[in-house]
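Structural description and commentary
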Amino acid sequence: QVQLVESGGGLVQPGGSLRLSCAASGSIFSISLMAWYCQAPGKQRELVAVATNGGHTNYADSVKGRFTISRDRAKNTVYLQMNSLKPEDTAVYYCNAILTTPGGAPRNYWGQGTQVTVSS
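Because the structure is a prediction, the values reported are computed rather than measured.

1. Describing the pairing of strand β11 (residues 114-118)
- Taking every second residue as pointing to the same face, the buried face of β11 carries Thr-114, Val-116 and Val-118, while none of Gln-115 and Thr-117 on the other face is buried.
- Note that strand β9 (residues 91-100) and β11 share 3 bridges and pair antiparallel. Of the residues in β11, the one forming a bridge with Val-92 is Gln-115.

2. Thoughts on the environment of Gln-115
- By the secondary structure assignment, Gln-115 is in strand β11.
- Its relative accessible area of 40% is what places Gln-115 among the partly exposed residues.
- Each C-alpha atom of the pair Gln-115 and Gln-39 lies 9.6 Å from the other, and the pair is 76 residues apart in sequence.
- For Gln-115, the residues in contact, after removing those within four places along its chain, are Gly-9, Gly-10, Thr-90, Ala-91 and Val-92.
- In this structure the side chain of Gln-115 is engaged in a polar contact, spanning 3.4 Å, whose partner is the backbone oxygen of Ala-91.

3. Some details on the pattern of salt bridges
- All told, the structure shown has 2 salt bridges when counted by the stated rule.
- In this structure, Lys-64 engages Asp-61 in a salt bridge whose closest nitrogen and oxygen atoms are separated by 3.1 Å.
- Here Asp-61 falls in the exposed class, since its relative accessible area comes to 65%.
- With a closest N to O distance of 2.8 Å, Asp-89 and Arg-66 form a salt bridge.

Conventions used here
- Residues numbered from 1 in each chain as written.
- Predicted model: local features only at pLDDT ≥ 70, side-chain atom pairs only at ≥ 80, totals over all residues.
- Heavy atoms only, no water.
- Buried < 20%, exposed > 50% of the residue type's maximum accessible area, 1.4 Å probe, protein only.
- Helix = DSSP H or I, 4+ residues; strand = E, 2+ residues; numbered from the N terminus.
- Pairing = 2+ DSSP bridges.
- Contact = heavy atoms within 4.5 Å.
- Polar contact = N/O pair within 3.5 Å; in protein donor to acceptor, adjacent residues only side chain to side chain.
- Salt bridge = Lys/Arg side-chain N within 4 Å of Asp/Glu carboxyl O.

Below, the structure written as structure tokens:
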């Protein structure tokens, strides 16, 4: 059984920083990509940043220049460094991974989410 476990959310003042972590555990053969999504109250879940196996990264326009996604492939972990946080960044942040278990086909997995609140 595969699990994605996030950590690092919390309350921060505008202009502050947070670092989210997400570790994938279980019977994993390979991970194609890992990503972060966010969902604010009353809004749909949307992509924040993605990091592929080839080292490519992509970001939502709203976070470019402020957020950085990185992966530690040896630890099956993805990070999201969030700088210059704004109140509009307030949301539940979800880790996402497309990964393959031994003998299985690639599947989409989600973490349980971690709350990020930006407020003075």
